[in-house]
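One-letter residues, chain by chain:
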Amino acid sequence: MSPEAIGGLMLVALIATIFVGFPIAFTLIFLGLGFGYWGFGDTVFHLLLFQTFATMKEQTLAQVPLFVFMGLLLERAGLMERLFLVTQKMLGGLNGSLYLSCMFVATLFGAASGIVGASVTLLGIMAAKGMDKSKYDVQMSAGIITAGGTLGILIPPSVMLVVMGPVMGIPVTDLYAGALIPGVMLAAIYATYALVRCYLNPSLGPALRKFERMESMGALFVEFVKGMVPITVLLLSSLGAIFAGVATPTEGAALGALGSLLLTVVYRKITGPLLYNSVMKTLEVSCMILFLVVASNFFGGVFSRLGTPDVISQALLGLELNRYVILIIIMAAIFLLAWPLEWVPIVLIFVPIVLPMVKQLGFDITWFAILIAVNLQTAWLSPPVALSAYFLKGVAPQWPLSDIYKGMMQFMVLQIIGLALVIIFPQIVLWLPGVLYTR
Amino acid sequence: MRTNSGALVRAIRGIDTVSDWSGRIAAWLVIPLVFVMSWEILVRKVHQPTYWAFDLSYMLFGALFMLGTAYTLYRGSHIRTDFLYQTWPVKVQASVDAFCYLFFFFPGMVIFLWLAQDYALVSWQRQELSMQSSWMPPIYPLKAVIPVSIALLLLQGVAEFMKCIYAFRHGEWLTKQRSIEEVLADEMPLEDPGAPANGQAR
């Protein structure tokens, strides 16, 4: 049997076993070893160790534990909730103000979790109760929480982009710069939609009652300075150092982590248990992502050595379709894969398979990466298969699933509009990296 | 069905404790990672770059996530596609998991361990140095992290396999909180042959 055919079999075996529910990393290592040995013998053993050690030495990936640690510290110390409360009080007089503060916090804190499940859960815990209390519309609330939670995955600092960089062979800084404008654009589209709906129909998000708002402007200002300014400054300076080229992305992440440690001290929230819980959770989230990176790098190495990706891409290219048709086929496949899977296996296993083809078609890789990110986010918002609905249901059990679905559907439509904009106007992605880093 | 899972649960708890502690130790590596890298930026701004920060940062990072894999398995956090799995009865889940541990996990990880210890041993004997920077620190301790991590992971895999046996026998998963005493107390009524095997209340 030809190596390419062995690779094809390996892919079929992977798809079959991935749905059995066994941890993917272990399956990948086993399949890689088995099919690799069959295809090219002993070399596969060296490949396993080489890929493992290369991942351990990949300093860019150290951003994963650092950003997760930063986010966890801020969240566990109650600083994220405080931010939520401050924005809520400031905007209290406005119809739908909670939607706005929810979007704001989601945009700032995406890095707190790194994976969709955690991000939506976190936002749900924080926002759902307040929205219920203020008699907000359930569908709209569910929509904005799931949309915000999934958007956080895309907006820098984003763990997903950190992992994507080495996979695509482009600097993480380019991806950060590329994701910034589409991310902010999507957040603005969501917020505008929610506010316009509330303006037309105030019962969707009634303004807070007088006694729930802050009494005096002075007290409000103090609360604003104490609750919001330090965190915003921290996040912006960490990202700013990266964008300005003062620090590498990993150093920027370390600065962010150090800053949040200092903030917890300044706010007198630092305790032994808080620190212990944060480092333990950081370890757990980092390992779950990074051990899969090791396994996927190995699997991908075996797969490309067998030569199967070339065969697949030649076959698709041989059809001589319009390159945008092929792009849409790829995007549709990613969309479907994102229903059952987290972004980690998709980015690590599927993307390397199609990457050579995309390069050959002459698409810009940074643009392609952001397109994938936005596409993944759309998939996470598509009921009834997307998991976000169930994550939210888990923390807001009082909301009927049918309402959560209907809410997500509205934002999925907005998301498709955003996706179309990114495809039609690549400049939305490419303008900022171009200005910052090249020529 | 009569069950006597006391020894099984004791063994599971023993291994769980080892993994738990490996995690507790590895997790703290994130703190020096933060300080080493922050120090580097500070010193570079006011003086000149350190010669050691780069090497130290990837060493801390590499050791952090590799040593934490056993703990992550113990916590049940390795990414799995469980939208089908969730809907199955416990005994089916346990059988499928047990099958996967026997035929995927153990063969793969035993080979990995055997390769990794050889890899680390060769490096250790040669007292290999890192070629990433002018500092050239010893690299063999970091290479030794691989076999240690995989050995811990393999050990936790044994515990997970035993948890499958427990779940298959009892019709429910062993919860993290239940102590050996509780499990033993639960088993007392099972000495009565008429008692249902899976009728235990939590």
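Data block above holds the structure.
As the structure is a prediction and not an experimental result, all values here were calculated from the model. (Residues numbered from 1 in each chain as written. Chains lettered and ligands numbered in written order. Predicted model: local features only at pLDDT ≥ 70, side-chain atom pairs only at ≥ 80, totals over all residues. Heavy atoms only, no water.)

Draft legend 1. Spatial organisation of the state of the cysteines. Residues and elements named next belong to chain A. Scanning all chains against the criterion turns up zero disulfides over all chains. Cysteine Cys-198 shares no disulfide, and the gap to the nearest cysteine sulfur, in Cys-102, comes to 12 Å. What makes Cys-198 buried here is its relative accessible area of 0%. (Disulfide = S-S within 2.5 Å. Buried < 20%, exposed > 50% of the residue type's maximum accessible area, 1.4 Å probe, protein only.)

Draft legend 2. Broad picture of the packing of helix 14 (residues 272-306) of chain A against helix 17 (residues 343-360) of chain A. All names here are of chain A. Between helix 14 and helix 17, the shortest axis-to-axis distance is 10 Å and the interhelical angle comes to 15 degrees. The orientation of helix 14 with respect to helix 17, classified from their angle, is roughly parallel. Crossing of helix 14 against helix 17: the hand is right-handed. From helix 14, Ile-289, Leu-292, Val-293, Ser-296, Phe-299 and Phe-303 reach across to helix 17, where they touch Trp-343, Val-344, Pro-345, Leu-348, Ile-349 and Ile-353. (Axes fitted to C-alpha atoms, helices over the stretch in contact; angles between N-to-C directions. Helix = DSSP H or I, 4+ residues; strand = E, 2+ residues; numbered from the N terminus. Parallel < 35°, antiparallel > 145°, perpendicular 65-115°, else oblique. Left-handed = near helix turned anticlockwise from the far one by under 90°. Contact = heavy atoms within 4.5 Å.)

Draft legend 3. Main features of the interface of chain B and chain A. Contacts between chain B and chain A engage 62 residues on the former and 53 residues on the latter. Taken together, both faces of the contact between chain B and chain A bury some 5400 Å²; the carbon and sulfur share is 81%. When the buried area of chain B at its contact with chain A is split by residue, B:Phe61, B:Ile79 and B:Thr81 rank highest and sum to 14% of it. For the pair chain B and chain A, the interface holds two salt bridges. Taking the shortest distance from any N to any O, the salt bridge between A:Glu284 and B:Arg75 comes out at 3.0 Å. Put simply, chain B and chain A have eight residue pairs in polar contact (both at pLDDT 80 or more) between them. Ranked by residue count, the leading element in the side of chain B that touches chain A is helix 5 (residues 90-125) of chain B, at 15 residues. When the residues that make up the side of chain B that touches chain A are grouped by side-chain class, the tally is 42 nonpolar, twelve polar and eight charged. (Buried area = accessible area lost by both parts, 1.4 Å probe. Salt bridge = Lys/Arg side-chain N within 4 Å of Asp/Glu carboxyl O. Polar contact = N/O pair within 3.5 Å; in protein donor to acceptor, adjacent residues only side chain to side chain. Nonpolar A, V, L, I, M, F, W, Y, C, P; charged D, E, K, R; others polar.)

Draft legend 4. Layout of the pattern of salt bridges. A full pass over the atoms with the stated rule returns ten salt bridges over all chains. Each of the salt bridges in this network shares a partner with another, and the network as a whole consists of B:Arg13, B:Asp16, B:Glu160 and B:Lys163.

Draft legend 5. Layout of the side chain of A:Ser260. Residue and element names in this part refer to chain A. Structurally, Ser-260 can be placed in helix 13 (residues 249-266). Separated by 3.1 Å, the side chain of Ser-260 and the backbone oxygen of Ala-257 make a polar contact. If we ignore the near neighbours within four places in the chain, the residues touching Ser-260 are Met-70, Leu-73, Leu-74 and Leu-234.

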